[in-house]
Structures are given as structure tokens and as C-alpha cells.
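# A structural walkthrough
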Amino acid sequence: MERNQMYALILTLAREMLNKGSWCGETHLQKAVYFLKEVFHIPIDFEYILYKYGPFSFELRDELTEMRACSLFELMVKETGYGPSYVPTPKGGEFLEKHQGTISDNLQSIDEISEKLGKKDVKDLEGMATALWIIRNDRVVGHNPDAITKEVTKYKPQIKDDDARESVKLTLKIISDANKSM
Amino acid sequence: MKKLYHEIRDPIHMFIRLKDDERKVLDSEPLQRLRYIHQLGLTYLLYPGATHKRFEHSLGVMELASRVFDVVTNPVEKTDKIKDVLPEVTDPIALSYWKQVVRMAALCHDVGHLPFSHSAEKQLLPVGWNHERITYNVVNEILSDIFAGMRLPIKPEHVAKIAVGPEKTPQPEKTPQIDFSRWETVLSEIITGDALGVDRMDYLLRDSHHLGVAYGKFDHYRLIDTLKILISPSDNEPTIGIESGGLHGAEALLLARYFMFMQVYYHRIRCIYDKHLEDFLKEWLPKGKFPTGFTKLKKYTDNFILNALTDHKYSKKPILSELVNRIVNRRHFKKVYELNPEDVEKNNDASQLINKALCSEFGESMVRYIRIPGKGGDVSFPVEMSDGRVDTSLKKSQVLGKLPVAKVEFVYVHPDIYDKAKSWLSVNREDILKA
């Protein structure tokens, strides 16, 4: 995927998440892009590693910085809450106008993942993305929720059993819905 | 009588002290090789003072890492929450062990660097390799016996992880991932942290000192004194932050980083010399790549490359002598275009379009395009207020949220066609940008 197409997808993702009331911080974008890549097979070729808050791509972090340098994103710091939100700039909006083709091909997946992840908090996102990482990296055989939950709490001991179980359930639901729609 | 401690004079930190068993690491082949790797590559061709090497930078990083470790593990500063999530801070034996690990990780963090600290690792190393992966291997394989033989033996895998950090630690294909505990993550942040890491602190201070520029200076004494392990309110995880009293010091550091990037590290002539060296190395190295194993890599120092440049000045291969000529005789390509905000407004791909147009008009061999992606984006870290609340630096600082991202894109042409290309571009530039 060309850089501009990738930027168009990331900007659209941020726009859709913000429209759905998301905080849209870096963690939201990181995890949503991970789901788009791994569940919806959108060819965004970032390498993810299991990091402090679950799967994380330093390449994506660099691209978000680059997008700020190109004035496509600005950081908005709100009085309440903690980390900054990623907000498309007017130039980002114009940029999207020019890449309608790329966007329309992937809009349904972006819309779906924005709906399902947009309003989650960082802890939930960590649990869900870690569950997906465990599934995609074959750390368990099959999609057995108990086995995945056990692995999530093994890699992320700070996540409580019940929270991990809920994260696994939601993740498996996203995978199953995506499989049905594809 | 055998000396147990050694002092080394340093222009930035005055004296750097190390124990005799640490001295064995310093005297090892991987560390001594760094005496022959310029910290700033070929920058000395435009800033003559930039002749300092990775060796003294590594010592400086060890010194600062040691100071920061002492400050952030000071028991007086630790809250119950910190003690709860990082029990190591209350265990004197663990602290002694990990301080040794941090010092050695800081000392060894650059041992995998290519000659001239070359940044074109993607082009000059096999797929999947970078200098951090080489560092990780050198620490684990070449230096492991020295670490095991220290008075307080330390595990090389701990040193390697803390030196390289979670971002760059190479992950095995099949065996379980190399995971970082919270404690290890915090310790690696001391060295590699994007905003407040000591690697950055030392190179800004050291580079500005040697170059003779004032941009890189900031009050690192005050800044280090205010560093603290804080629980980040965004995710409840421990991380390196600062007390509010150090906020101006942190602002000065991050401004220094921005100025140094824009004035020195991304200087147009420095960038083109790097590119010319890359062109030469791709042509000269066996299969165009450096080896990745230290046994073979160790001979590749700057001196070795400089000898090769001299040898090939009158090479029978015209391409090699031409490439050498660009560096040795300062016949570097000249900048005809630099990306600027006005052109970005007109077209986001402005510099790439101009590069393509120049290539098609004058031929690819006469044009070079350099794009350095945005750096310095992360200026967010926790700040502890005087009433004990913790908030993000972006809310507490009027400066940090407005700090621009450092980024450059240049197009250069061969000096023989410089005037012609410049005239051609002035006539055609607007049409190119309309594409």
C-alpha cells in the first residue's frame, strides 16, 4: 500500500472514531489499526510487538509523527482525561477528498472497528488486542475462550480474570462478525 | 596496589568513574572499536569540530544513566503504589544488581553501530537487521563472559534488553517473545526513553560542545534531579516522569533536540554526504552489505572505510572513483529543492514530484532525493505537581504541545548540472506541483 493510501485510511479511522465519540488517542489508533490488519486483512504492513499495553507498532508511531509533520493531524489536549487526541486538520480533510477511492473500499471495515473499539478505555483495548495477538500468533490451539483468557492473564498479569474473559469474548465476536461479512 | 576505581576525564561530565571489572568491559574489543566510529559520521566535513567518537558518548551515557538510576530509586521518593508495582525499589540487593546492569547496558548500547554511525541500515544490512540487533547479539555473545566474571555477576540478557529497549529488542521467530517486565521497561527508559532518555541527553550536550553550537545545551543537572518514577494516569503503569520543578528543564531538552535536528542532524550537506557514502558502500562492500556477525564486522571501522576511500580515489572502476570523488574532493551534489510549507499546501507529494521531474529531465544518476521522516513527536510524559497529582506534560507545558516535528526532504543534483537544473526548476516548478 502506498504511503498516501495508508495515510488516508488512518485519517478516516480517526475521523470515524471521533464521530462515534471516541477519545481517539494513540492507543485507540494503535489497536484499531491492529484489528484492521489482522481481522479485516487491510494491507497496512506495520510490524506489531507485544508491548506495555498489548500489541504496539513503533512503525505506526513514526507514521503518526510524520502525519503531524505533514499537518494532516494535530494533537488536541483536553482539560479532562490524560493523553492527547489525534484530530484530522482541515488539510487532512482536503487530503481525504483526494483519496476517496481508497477510503470507500475499506469504509465498512473502518466503520465497524470504530464502532466496536472507539469508546473502549485503554485497559479494555489492551485486553482485546492482547487476545487477538495470542490468537494470531498461535499461542493457543483453536479459539477456545478459556485457553485464550489464560494466556491473556499470563502475558498481562495486571488484567483481572473477568476482564480478560470479557475481552476475549468481544475479540472473538469481532472476528466472527468479520468472517461472516467477508 | 591495584586500582579498584578508574577516573576518565570527559569534557561534558568532568570525571567518569568506573570499577576495575567494568574497565574490562571498556577494554573489550567491541567497546574499543567505538574509538574509531565517529559519533556524527561525516559531519566533520562541514562542522570541523565533529570528530568525537561513539566511545566517549558511551561513557557519557553510562555516567548519566548511573546518576538517573540513583535519583529515581531514592527510597525517600517512592510512594506505596510504586513500591507495590515495582518491589525491586525496596530491595537493596536487587538495586545493586540492576544498577550494575543499567551501567553496563548504557556503556554497551552502541556497540553494534556501523562505520560512521551510518543511518542507512536498511540499505547496508541484510533484511531484518539493524544496529540494535547487532548490539543485542554482541552483548549476549561476545561480552557474556566478562559480565559473568564480574564481582557482582550480571546476566548478559538483562544487559542486552536494557541497552536496546523493548522497541528494538529482536524477537525470535518461534520461541516465546522476549517480554519486558515493568521494572525492565522502566530501566530501559532511563537509557532509550524518547523524551527523557540519557542517550539523547548525552548526545545533545556532547554534539553541541564539539560542534561549537549552543542549540543542544540545557540544564541537565536540574532535569536529572527532578526525574522520578511515576504512575502514568493514562494506564496506571510506572514510567519515567518529572516533578513539576523540572518542567522547564525538560522543555529546554526537547527544544534543544528540535534545534539540533534542524540545524545539525538534518543539515542539507550532512545528509548528502551520508547518501554519497551509502552509494560508495553499496558499490564497494561484498554484495553491497555489511556483515552482521561481530567477528567479521569488527574490522569495519571508520579508519578502514577511509582507507578504502583513499584506495579507490583513482580506482580502475570509474564508478568507484566518481563516488569517492564526491566525498574526498567535496564534489557533493547540490541542493536544488527543499520541501517547504507553502508547497506542501499545494501538493502533499511536492518533493517526490520534483524529484521525479528532475530525474526524467536530467537522468536518475544526476539526481538524489532524501526524505527524513518526522522525528521528535513524543513529548508526552507524566509530571507530578506539588500537591501530588500527576498529569501529562502536554497540559502542564505551554511549549511542548506546540513544538514542531523535525522533518526534511531535499532534492539534489550533480554539481555539473546545478545551474541548468536550477533554471529549469524555476520555470517548471508550478506546473510540476499542479500534478
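Residues numbered from 1 in each chain as written. Chains lettered and ligands numbered in written order. Predicted model: local features only at pLDDT ≥ 70, side-chain atom pairs only at ≥ 80, totals over all residues.

Here the focus is helix α17 (residues 318-328) of chain B. Residue and element names in this part refer to chain B. Every buried residue of α17 is accounted for by L323, V324, R326 and I327. The buried side chains of α17 occupy one side of the element, clustering within an arc of 150° when seen end-on. Against the buried residues of α17 lie α14 (268-284) and α16 (302-311). R330 sits one or two positions beyond α17 and adopts a positive phi of about 55°. (Buried ≥ 20, exposed ≤ 12 C-beta atoms within 10 Å, placed from the backbone. Helix = DSSP H or I, 4+ residues; strand = E, 2+ residues; numbered from the N terminus. Arc of directions from axis to C-beta. Contact = placed C-beta atoms within 7 Å.)

The subject of this paragraph is the interface of chain B and chain A. With 22 residues of chain B in contact, the opposing surface of chain A contributes 22 residues. The set of elements that each furnish at least two residues to the side of chain B that touches chain A consists of α9 (156-168), β6 (367-375) and α20 (393-396) of chain B. Each residue belonging to the side of chain B that touches chain A can be placed in one class, and the counts come to 6 nonpolar, 10 polar and 6 charged. (Nonpolar A, V, L, I, M, F, W, Y, C, P; charged D, E, K, R; others polar.)

Residue and element names in this part refer to chain A. Packing of helix α2 (residues 26-38) against helix α6 (residues 122-136) brings their axes to within 10 Å, and their N-to-C directions diverge by 25°. In terms of axis orientation, α2 runs roughly parallel to α6. Judged by the sense of rotation from one axis to the other, the crossing of α2 with α6 is left-handed. Mapping the contact onto sequence places T27, H28, K31, Y34, F35 and E38 in α2 and V122, L125, A129, L132 and R136 in α6. Residue composition of the contact of α2 with α6, grouped by class: 6 nonpolar, 2 polar and 3 charged. (Axes fitted to C-alpha atoms, helices over the stretch in contact; angles between N-to-C directions. Parallel < 35°, antiparallel > 145°, perpendicular 65-115°, else oblique. Left-handed = near helix turned anticlockwise from the far one by under 90°.)

In space, the 3 strands of this open sheet follow the order β5-β9-β6 (chain B), with antiparallel pairing throughout. Two strands lie at the open edges of the sheet, namely β5 (334-338) and β6 of chain B, each paired on one side alone. Between one strand axis and the next, the sheet turns by 25° as a mean value, whatever way the strands run. When β5 of chain B meets strand β9 (residues 406-413) of chain B, the two strands line up antiparallel, connected through 4 bridges. Counterpart to K335 of chain B in the pairing with β9 of chain B is Y412 of chain B. The sheet strands contacting helix α3 (residues 58-69) of chain A are β6 and β9 of chain B, and the helix crosses β6 of chain B at an angle near 105°. (Pairing = 2+ DSSP bridges.)

If you look at the biggest cluster of nonpolar residues, it comprises 161 residues, and the most contacted ones within it are I10 of chain A together with A65, V102, A105 and V159 of chain B. Beyond its immediate stretch of four places on either side in the chain, V159 of chain B contacts V101, M104, A105, C108, V139, F147 and I154 of chain B. (Core = buried A, V, L, I, M, F, W, Y, C linked by C-beta atoms within 7 Å.)

Here we take up the pairing of strand β1 (residues 5-10) of chain B. The two faces of a sheet get side chains in turn, since along a regular strand they alternate between them. All names here are of chain B. Within β1, only 0 of the 6 residues are buried, leaving the element largely exposed. In the sheet, β1 pairs with strand β2 (residues 14-19) via 6 bridges, with the strands oriented antiparallel. Among the inter-strand pairings, I8 is bridged to a residue of β2, identified as I16. Between β1 and β2, which pair antiparallel and follow one another directly, the connecting turn spans 3 residues.

Averaged over every residue, the pLDDT of chain B is 92; residues scoring 70 or more account for 98%. Predicted complex, confidence summary: ipTM 0.73, pTM 0.89. (pLDDT = per-residue confidence, 0-100.)

Moving on, we get to the environment of K313 of chain B. Residue and element names in this part refer to chain B. Within the secondary structure, K313 sits in the loop between α16 and α17. Separated by 11 residues in the primary sequence, K313 and V324 place their C-alpha atoms 5.8 Å from one another. Those residues in contact with K313, other than ones at most four positions away along the chain, are S321, V324 and V328.

Right, let's get into the pairing of strand β3 (residues 73-76) of chain A. All names here are of chain A. Covered by surrounding structure in β3 are F73 and L75 only, the residues E74 and M76 on the alternate face being uncovered. Two elements, β3 and strand β4 (residues 85-88), share 4 bridges in a ladder whose sense is antiparallel. Across the sheet, residue E74 finds its bridge partner in β4, namely V87.

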